[in-house]
Amino acid sequence: MTAKKKPKVYITRKLPDAVETRMRELFDAELNIDDTPRTRDELAAAMKLADVLVPTVTDRIDEALIAEAGPQLKLIASFSNGFDHIDVDAAAKRGITVTNTPNVLTEDTADMTMALILAVNRRLVEGSRVLTDHPGDWAGWSPTWMLGRRIWGKRIGIVGMGRIGTAVARRAKAFGLSIHYHNRKRANPATEEELEATYWDSLDQMLARVDVVSVNCPSTPATFHLLSARRLALMQPSSIIVNTARGDIIDEAAMIQLLRDNKIAGAGLDVYQNEPAVSPKLIKLAHQGRVVLLPHMGSATIEGRIDMGDKVIINIRTFFDGHRPPNRVLPGRN
């Protein structure tokens, strides 16, 4: 009996060893051993030959690139929670199914959000640098040195009360923060009761009343610059903003100006509007201790990456077994 031909799978970035080994066992998988980001021409060439493309958030799979794909490409199984880097509508028109890896990074991202809230308010990065960069500057404990802000008893305003936003709220409540949130639709009563959460239909009104703003909504055309210059100006001068979602949800230039004018107390950022480029103005503010900057590592745990790989594998196997993959992204959701 002739063995069933394995689908040809092109993987754009290096994945955890356990995931790559399983990929090679199950599929005719081409790996990216040295993790060099693929160029547009390399992606186009791969899409002419592969049955499955496994991109990540660093790969822009737009309409023009999809138009160049060969007829054999039937699945784009993205190694990512978000899918704003893929033109899902264009893929659907070409008969290409798109999948993602949702619901595996919730706790990791919520952990990082809470870490940034603490780091900004308690000046953790500044304190660490005193010992590592300028050890001779520390003369010992002083009652008025390196004073930060207490978070216990303050208010957090969560923008986007989905899985991650709810996970952030649970952590924040444990740290003594009062939970406020804005969402397209109200959370269920049981969740509100558990978190003792206050719902704001008006994002403007919430922003003016909270001490910490946590951005946890997805990037869509509707959320582009959701936190606009006008809305950011509503925040209190003593408040901070933390973003572990997507950089384009915040008007970055407006936020930088408000920070420079001392109209916002600080920011903790894991994502950026022009990522991977980071504004030199933000880097300068980081050197001044006004912001904490991280290189998009909110979901970077070993467990989370393996869970993502498992979902990619399940989506590919289900698709080639003739069934609908469990994490299919439907057209019209971009």
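Residues numbered from 1 in each chain as written. Predicted model: local features only at pLDDT ≥ 70, side-chain atom pairs only at ≥ 80, totals over all residues. Heavy atoms only, no water.

**Here's the deal with the UniProt feature "domain: D-isomer specific 2-hydroxyacid dehydrogenase NAD-binding" (unreviewed entry) in the protein chain**
The condition that has to hold: UniProt positions are given in the numbering used here, feature names are shortened, and annotations may be inferred rather than shown by experiment. Only runs of H or I of at least four residues qualify as helices and only runs of E of at least two qualify as strands under DSSP, and these elements are numbered from the N terminus.
Summarizing the sequence annotation, UniProt attributes the feature "domain: D-isomer specific 2-hydroxyacid dehydrogenase NAD-binding" (unreviewed entry) to residues 114-298 in the numbering used throughout. A distance of 10 Å separates the end C-alpha atoms of residues 114-298, which is 34% helix and 15% strand.

**Quick look at the nonpolar core**
Threshold: Buried Ala, Val, Leu, Ile, Met, Phe, Trp, Tyr and Cys residues form a nonpolar core when they are joined through side-chain atoms within 4.5 Å. Three exposure classes are used, based on accessible area relative to the maximum for each residue type with a 1.4 Å probe and protein chains only: buried under 20%, partly exposed in between, and exposed over 50%.
Among the nonpolar cores identified, the biggest contains 30 residues, and Val-213, Val-215, Leu-227, Leu-232, Ile-241 and Met-255 are the most heavily contacted of them. Elements with a contribution of two residues or more to this core: α9 (203-207), β9 (212-215), α11 (252-260), β11 (266-269) and α12 (280-287). Looking at which element gives the most residues to this core, the answer is α11, with five residues. Within the second largest apolar cluster, 28 residues are counted, among which are Ala-169, Leu-195, Tyr-199 and Val-242.

**Quick word on the UniProt feature "domain: D-isomer specific 2-hydroxyacid dehydrogenase catalytic" (unreviewed entry) in the protein chain**
Sequence positions flagged by UniProt for "domain: D-isomer specific 2-hydroxyacid dehydrogenase catalytic" (unreviewed entry) are, in local numbering, residues 18-329. End C-alpha atoms of residues 18-329 are separated by 25 Å, and the span's content is 38% helix alongside 12% strand.

**Regarding the packing of aromatic side chains**
To be explicit about the condition: Only rings of Phe, Tyr and Trp enter the pairing, Trp through its six-membered ring, and a pair is recorded when the two centres are within 6.5 Å. The plane angle decides the type: under 30 degrees is stacked, over 60 is edge-to-face, the rest tilted.
By the definition in use, this model includes two aromatic pairs. Look at Tyr-181 and Tyr-199: their rings are 5.1 Å apart centre to centre, the planes differ by 45°, and that puts the pair in the tilted class. Here the residue Tyr-181 occupies a position in strand β7 (residues 178-182), and Tyr-199 occupies one in strand β8 (residues 198-199), the gap between them amounting to 18 residues. An identical accessibility class is assigned to Tyr-181 and Tyr-199; each is buried. A centroid spacing of 5.1 Å and a plane angle of 75° characterise the contact between Phe-319 and Phe-320, whose relative ring orientation is edge-to-face. Judged by its relative accessible area of 21%, Phe-319 is partly exposed.

**Quick word on the pairing of β7**
Note the threshold: Pairing between strands is defined by DSSP: at least two bridges between them are needed. Look down the strands so they point away from you; if the path from the first strand over the helix to the second goes clockwise, the crossover is right-handed.
For β7, the buried fraction is high: four of the five residues fall into the buried class. Bridge analysis of strand β6 (residues 155-159) against β7 gives five bridges, and the strand direction is parallel. Across the sheet, the residue bridging to Ile-158 is Tyr-181, located in β7. With helix α7 (residues 163-174) bridging β6 and the parallel β7, this β-α-β connection has right-handed handedness. The pairing of β7 with β8 spans two bridges and is classified as parallel. The partner of His-180 across the bridge, within β8, is Thr-198.

**Description of the sheet that holds β7**
Test applied: Residue contacts follow a heavy-atom distance rule, with two residues in contact if any of their heavy atoms lie within 4.5 Å. Note on method: axes are straight lines fitted to C-alpha atoms, helices fitted across the in-contact stretch only, with angles between N-to-C directions ranging 0 to 180 degrees.
With parallel pairing, seven strands are arranged side by side in an open sheet as β8-β7-β6-β9-β10-β11-β12. Edge positions in the open sheet fall to β8 and β12 (291-293), since each of these has one partner strand only. Looking at chain direction, β9 and strand β10 (residues 240-243) are connected through four bridges and run parallel. The residue bridging Val-215 from the neighbouring strand is Asn-243, located in β10. Sheet contacts for α7: β6, β7 and β9; angle to β6, the most-contacted strand, approximately 170°.

**Regarding the pattern of salt bridges**
The condition that has to hold: Whenever Lys or Arg places a side-chain nitrogen within 4 Å of a carboxyl oxygen from Asp or Glu, that contact is recorded as a salt bridge.
The tally for this structure, following the rule as stated, stands at 15 salt bridges. The residue Glu-20 makes a salt bridge to Lys-14 at a minimum N-O spacing of 3.1 Å. Salt-bridge contacts for Arg-40 lead to Asp-62; the nearest nitrogen and oxygen are separated by 3.0 Å. Remark: Asp-62 occurs in the loop between β3 (52-54) and α3 (63-67) and Arg-40 occurs in helix α2 (residues 40-47); sequence separation between them is 22 residues. On the accessibility criterion, Asp-62 (24% relative accessible area) is partly exposed.

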